[in-house]
Amino acid sequence: GWKLHHLANEMVKGEKDLRDFSQLMNYLSTTYEKDDIIMNFVTNHDENSWAGTVKERLGDAKNLMTALMYVVPGMPLVYSGQEYDLDHSLKFFEKDSIPKQKGDYFELLSKLGKLKNDNLALNGGKQKALDSIVETKNNKILKLHREKDGVTLTFVGNFSSVEQSEEGLLEGIYLNGLTNQKEAYEKAEVVTLKPWGFKILID
């Protein structure tokens, strides 16, 4: 999934935005075969060694972009050391070491991995779950809907470095897939997302 990978980096820099993301999703859905599985990633052996670590490239948007790779159609890649929040460009042609200290990023990847494995709306296999981008009034907020066999999941994310809000972004009672807590939203309620903040909500 090189196109999505590069787009994520460009969005963090402010060079691309959610309109470009929408165009890419349309391109991917119409270009590949229906049963193709794209591997999505925020880092790999090339990127880590030559382009910089996840922290260096994505900064405060690291968690948002990581979550995005899990909720869009495809299979997420976790590169060696990424789970330990490796902030070191590994040597490419020489032996190098990976400090194995678990932290907040390890916990995030664990929760995202469990969702990917257990939630049918993300675990579609060759018969992938449906995906659709829901139009929002705020062009910095992405609302992505996934559904399969009556199981639905909603991802909302703030793709900017400043706090963003929108009235009526969410309505109903959801289970937060990362906190395992129920969240209720009224129709006219204003939903506010922190800079690069996101939610994964299960209906």
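The notes below deal with the structure included here. Just so we're clear, the structure is a prediction, and the values are computed from it rather than from any experiment.

Looking at the overall build of the protein chain
Part 1 of the argument: If you tally the helices and strands in the protein chain, you get 6 helices and 10 strands.
Part 2 of the argument: Here the C-alpha radius of gyration of the protein chain, 17 Å, is about what a compact globule of 203 residues would show, namely 17 Å.
Part 3 of the argument: On the principal axes, the C-alpha backbone points of the protein chain span a range of 55 × 35 × 35 Å.
Part 4 of the argument: A burial count over the protein chain gives 44% of its 203 residues as buried.
Part 5 of the argument: Taking the contacts inside the protein chain whose residues are at least 6 apart along the sequence as the reference set, 62% of them involve residues at least 24 apart.
Part 6 of the argument: When the accessible surface of the protein chain is totalled, it reaches about 11300 Å², and 48% of it is carbon and sulfur.

So, the packing of aromatic side chains
Part 1 of the argument: Tallied over the full model, the rule gives 4 aromatic pairs.
Part 2 of the argument: Plain terms: the ring middles of Tyr 174 and Tyr 185 are 6.1 Å apart, the flat faces sit at 65° to each other, and that makes the pair edge-to-face. Of this pair, Tyr 174 sits in strand S7 (residues 172-176) while Tyr 185 sits in strand S8 (residues 182-185), placing them 11 residues apart in sequence. Assigned by exposure class, Tyr 174 and Tyr 185 land together as buried.

Side note on unusual backbone geometry
Part 1 of the argument: Of note, the phi angle at Asp 85 is positive, near 60°, even though the residue is not glycine.
Part 2 of the argument: Its place among the elements puts Asp 85 in the loop between strand S2 (75-76) and helix H6 (104-118).
Part 3 of the argument: A positive phi angle is found at Asn 180, which is not glycine, with a value near 65°.
Part 4 of the argument: Tracing the chain through its elements places Asn 180 in the loop between S7 and S8.
Part 5 of the argument: On the basis of relative accessibility, which here comes to 57%, the residue Asn 180 falls in the exposed class.

Brief notes about the pattern of salt bridges
Part 1 of the argument: Per the stated rule, a full pass over the model turns up 7 salt bridges.
Part 2 of the argument: Asp 118 serves as the salt-bridge partner of Lys 114, at 2.7 Å between the closest nitrogen and oxygen. Taken together, the residues span about one helical turn, with Lys 114 and Asp 118 both in helix H6 at a distance of 4 residues. By the burial criterion, Lys 114 is exposed, and Asp 118 matches it.
Part 3 of the argument: Several salt bridges converge on common partners, so that one network encompasses Lys 55, Lys 62 and Asp 85.

Side note on the packing of helix H1 (residues 2-13) against helix H2 (residues 18-31)
Part 1 of the argument: Put simply, H1 and H2 touch, their axes get as near as 10 Å, and they point 175° apart. Considering the angle they form, H1 stands roughly antiparallel to H2. Note on element contacts: H2 touches H1 through Leu 18, Asp 20, Phe 21, Leu 24, Met 25 and Tyr 27, opposite Lys 3, Leu 4, Leu 7 and Met 11.
Part 2 of the argument: In terms of residue class, the contact of H1 with H2 is built from 8 nonpolar, no polar and 2 charged.

Each value, and the rule that gives it
Residue numbers here run from 1 along each chain, matching the order of that chain's written sequence. Only residues with pLDDT of at least 70 get local features here, since the model is predicted, and only at 80 or more are side-chain atom pairs given and counted; chain-wide, interface and lining totals rely on the full set of residues. Side-chain numbers here rest on the full set of heavy atoms in the structure, without hydrogens or water. A run of H or I in DSSP becomes a helix once it reaches four residues, and a run of E becomes a strand once it reaches two; helices and strands are each numbered from the N terminus. Radius of gyration: C-alpha atoms only; globule rule: 2.2 Å multiplied by the number of residues to the exponent 0.38. Each residue is assigned to one of three classes by its accessible area relative to the maximum for its type, calculated with a 1.4 Å probe on protein chains only: buried under 20%, partly exposed between the two thresholds, exposed over 50%. Note on contacts: a residue pair qualifies if any of its non-hydrogen atoms lie within 4.5 Å across the two residues. With residues, only the protein chains shown are counted as cover, and all accessible areas are computed by Shrake-Rupley using a 1.4 Å probe. Each pair of aromatic rings taken from Phe, Tyr and Trp, with Trp reduced to its six-membered ring, is defined by centres within 6.5 Å and is described as stacked if the planes are under 30 degrees apart, edge-to-face if over 60, and tilted in the remaining cases. Just to be clear on terms, a salt bridge is a Lys or Arg side-chain nitrogen sitting within 4 Å of an Asp or Glu carboxyl oxygen. Axis lines are fitted through C-alpha atoms, for helices just across the contact stretch, and the angle between N-to-C directions can take any value from 0 to 180 degrees. Roughly parallel here means an angle under 35 degrees, roughly antiparallel means over 145, roughly perpendicular means 65 to 115, and every remaining angle is called oblique. Amino acids outside the nonpolar list (Ala, Val, Leu, Ile, Met, Phe, Trp, Tyr, Cys, Pro) and the charged list (Asp, Glu, Lys, Arg) are all regarded as polar, and Gly is one of them.

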